[in-house]
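Working through the structure, step by step
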Amino acid sequence: MNTHQSNQEKKHPVDIENLSGISFGKQILLGAMVADSVAMPVHWYYNQSAIERDFGILDCYHSPKKIHPDSILWRSEYKPLNADGDILREQAQYWGKRGVHYHQFLTAGENTLNSLLAIELFELVQRSGHYDSTRWLDHYVNFMLTPQKHNDTYVEEYHRHFFTNYASGRKAINCGVRDIHIGGLVAVPALIAALGPRHPDIREIVQSHVSLTHKDNDVLAAADVLVRILASVSLGADLREVILDEASQWVSRAKIARWENYPDRVVIGGMLSSACYIPDAFPAALFLAYRHAGKPANGICSNAQCGGDSCHRGSVVGSLLAATSPLPQSLIDGLIAAPRIFTN
């Protein structure tokens, strides 16, 4: 596969706003949401052959199967200290049981919990016209503790740590922990969509927001890299070159050249872990975005086929790929959350 653009192409960068008819920020948020939803039915499948057995090629939306072949929800446990920590509520009955799909009640085109929270953040910032961490924390706590706000069974680890601290009496601003998962990056495209990639304080705002729940230095560094890449691409820079320039801590031209000798599912799941931990998950996302630059549908599909933490990794992949190429209309039309992005 030829991964290098011609000089002629580099002289005429893609204007994604003219091609798609919507703002750059909304386009990348759509990309993140689409990739999350496409991957949802196979989220945390670690047996890649089971993905093809259950769904074939994931080039459209699907509802999850009733039984998840690789689910470890049976060994997960969360017991709230009191009502201020009761974030599982009606879903608690499914924790500790074998075979339960993490997103068993979601349907084709729906988004997982972290992405739903990203939409909530996008709408809140759009309404107020600026970012306010206190206002967001109030909204986050209310959302998580109010019944029927979402229909997802799985609640990621950082939420559980946050609400254990909150239920113990800590102020919300002090409830975040050192979480090392790529799920901490899901909110980044939402903030860029709400404020714009060229907002003068966007890097500081993203750092402030991510650190509310993820205090790990590597997660915060990855969040900053993602902001810088998207900001540069919004100005017309070549996605592949910007990835190499801005993400040198994570990937290199030599590494990518070596990985390109292998299928995506050998690189991710073999050379790089397909799990959620940021040291491998972020380079995996960058590689998929680099390899599939200009072909967002291909990259979004491949991300899902790789398995592992495909939803949260997909949020990064989808946002990067949508930054330079329009998404297929069928994926936009089938995304349940799309009207919430277009109407704000």
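Residues numbered from 1 in each chain as written. Predicted model: local features only at pLDDT ≥ 70, side-chain atom pairs only at ≥ 80, totals over all residues. Heavy atoms only, no water.

Take the overall build of the protein chain next. Counting its secondary structure elements, the protein chain contains 18 helices and zero strands. What you see for the protein chain is a C-alpha radius of gyration of 19 Å, in line with the 20 Å of a compact globule of 344 residues. Going through the 344 residues of the protein chain one by one, you find that 58% of them count as buried. Long-range contacts, defined as pairs at least 24 residues apart, comprise 74% of the intrachain contacts of the protein chain with a sequence gap of at least 6. (Helix = DSSP H or I, 4+ residues; strand = E, 2+ residues; numbered from the N terminus. Rg over C-alpha atoms; globule rule 2.2 N^0.38 Å. Buried < 20%, exposed > 50% of the residue type's maximum accessible area, 1.4 Å probe, protein only. Contact = heavy atoms within 4.5 Å.)

Attention now goes to the packing of helix α8 (residues 188–195) against helix α9 (residues 202–210). Packing of α8 against α9 leaves a shortest axis separation of 10 Å and a crossing angle of 140°. Taken together, the axes of α8 and α9 are oblique relative to one another. Helix-helix and strand crossings are classified by hand; for α8 and α9 the assignment is right-handed. Residues Val188, Leu191, Ile192 and Leu195 of α8 form the contact with α9, whose own contacting residues are Ile202, Ile205, Val206, His209 and Val210. When its residues are assigned to classes, the contact of α8 with α9 shows eight nonpolar, one polar and no charged. (Axes fitted to C-alpha atoms, helices over the stretch in contact; angles between N-to-C directions. Parallel < 35°, antiparallel > 145°, perpendicular 65-115°, else oblique. Left-handed = near helix turned anticlockwise from the far one by under 90°. Nonpolar A, V, L, I, M, F, W, Y, C, P; charged D, E, K, R; others polar.)

Bringing α8 into the picture now. Among the eight residues that make up α8, eight are buried, leaving the element largely enclosed by the rest of the structure. Among the residues of α8, those classed as buried are Val188, Pro189, Ala190, Leu191, Ile192, Ala193, Ala194 and Leu195. Contacts from the buried residues of α8 go to α3 (24–39), α5 (113–128), α9, α10 (217–234) and α16 (310–322). Downstream of α8 by one or two residues, Gly196 has phi in the positive range, about 95°.

Another point: a nonpolar patch on the surface. A cluster of nonpolar side chains, Tyr262, Val266 and Met271, forms an exposed patch at the surface whose accessible area comes to about 240 Å². Looking at the element boundaries, Tyr262 is found in the loop between α12 (253–259) and α13 (264–267). Residue classification places Tyr262 among the partly exposed positions, given a relative accessible area of 36%. (Patch = residues over 30% accessible without salt bridge, like charges linked within 9 Å, V, L, I, M, F, W, Y side chains within 5 Å. Areas by Shrake-Rupley, 256 points an atom, 1.4 Å probe, with all protein chains shown as cover. Salt bridge = Lys/Arg side-chain N within 4 Å of Asp/Glu carboxyl O.)

This part covers the packing of α10 against helix α11 (residues 239–246). In a pair of packed helices, the angle between the axes and the distance between the axes together describe the arrangement. Running from N to C, α10 and α11 cross one another at 145°; their axes reach a closest spacing of 10 Å. Between α10 and α11 the crossing geometry is right-handed. Facing α10, whose interface residues are Val225, Arg228, Ile229, Ser232 and Val233, α11 presents Leu239, Val242, Ile243 and Glu246. In terms of residue class, the contact of α10 with α11 is built from six nonpolar, one polar and two charged.

Glancing now at the packing of aromatic side chains. A complete count under the given rule lists twelve aromatic pairs for this structure. Aromatic side chains Trp44 and Tyr154 sit 4.9 Å apart centroid to centroid with 75° between the ring planes, which places their arrangement in the edge-to-face category. One end of the pair, Trp44, is in the loop between α3 and α4 (48–55); the other, Tyr154, is in the loop between α6 (133–145) and α7 (157–167), and 110 residues separate them in sequence. Assigned by exposure class, Trp44 and Tyr154 land together as buried. With 5.3 Å between their ring centres and 65° between their planes, Tyr94 and Phe105 make a pair best called edge-to-face. Pair noted here: Tyr94 is in the loop between α4 and α5 and Phe105 is in the loop between α4 and α5, with a separation of eleven residues, a long-range link. (Phe/Tyr/Trp six-rings, centres within 6.5 Å; stacked < 30°, edge-to-face > 60°.)

Where side chains of opposite charge bring their charged atoms close, a pairing between them can arise. A complete count under the given rule lists twelve salt bridges for this structure. Among the salt bridges present, the one from Glu120 reaches Arg340, with a minimum N-O distance of 2.9 Å. One end of the pair, Glu120, is in helix α5; the other, Arg340, is in helix α18 (residues 338–342), and 220 residues separate them in sequence. Overall, the relative accessible area of 26% leaves Arg340 in the partly exposed class. Through salt bridges that share partners, Arg203, Asp224, Arg228 and Glu246 make up one connected network.

Even without being glycine, Trp44 reaches a positive phi, approximately 65°. Trp44 sits in the buried class, given a relative accessible area of 8%. In this structure, Gln148 is a non-glycine residue whose phi angle is positive, near 70°. Along the chain, Gln148 falls in the loop between α6 and α7.

Below, the discussion takes up the confidence of the model for the protein chain. Interpretation of the predicted coordinates at a detailed level should be avoided for regions scoring low in pLDDT. On average, the protein chain scores 94 in pLDDT, and the residues at 70 or more come to 94%. Contacts of residues 1–13 to residues separated by more than four positions or lying in other chains number twelve contacts, the stretch itself having pLDDT below 50. (pLDDT = per-residue confidence, 0-100.)

So, on to the side chain of Ser274. Mapping Ser274 onto the fold places it in the loop between α13 and α14 (278–291). Not counting residues within four places of it along the chain, the set of residues in contact with Ser274 comprises Tyr46, Ile268, Gly269, Cys306, Gly307, Gly308, Asp309 and Arg313.

Summed over the entire model, instances satisfying the criterion amount to zero disulfides. For Cys301, which is in no disulfide, the shortest distance to another cysteine sulfur is to Cys60 and amounts to 9.2 Å. No disulfide involves Cys311; its nearest neighbouring cysteine sulfur is the one of Cys276, lying 12 Å away. Given a relative accessible area of 0%, Cys311 falls into the buried group. (Disulfide = S-S within 2.5 Å.)

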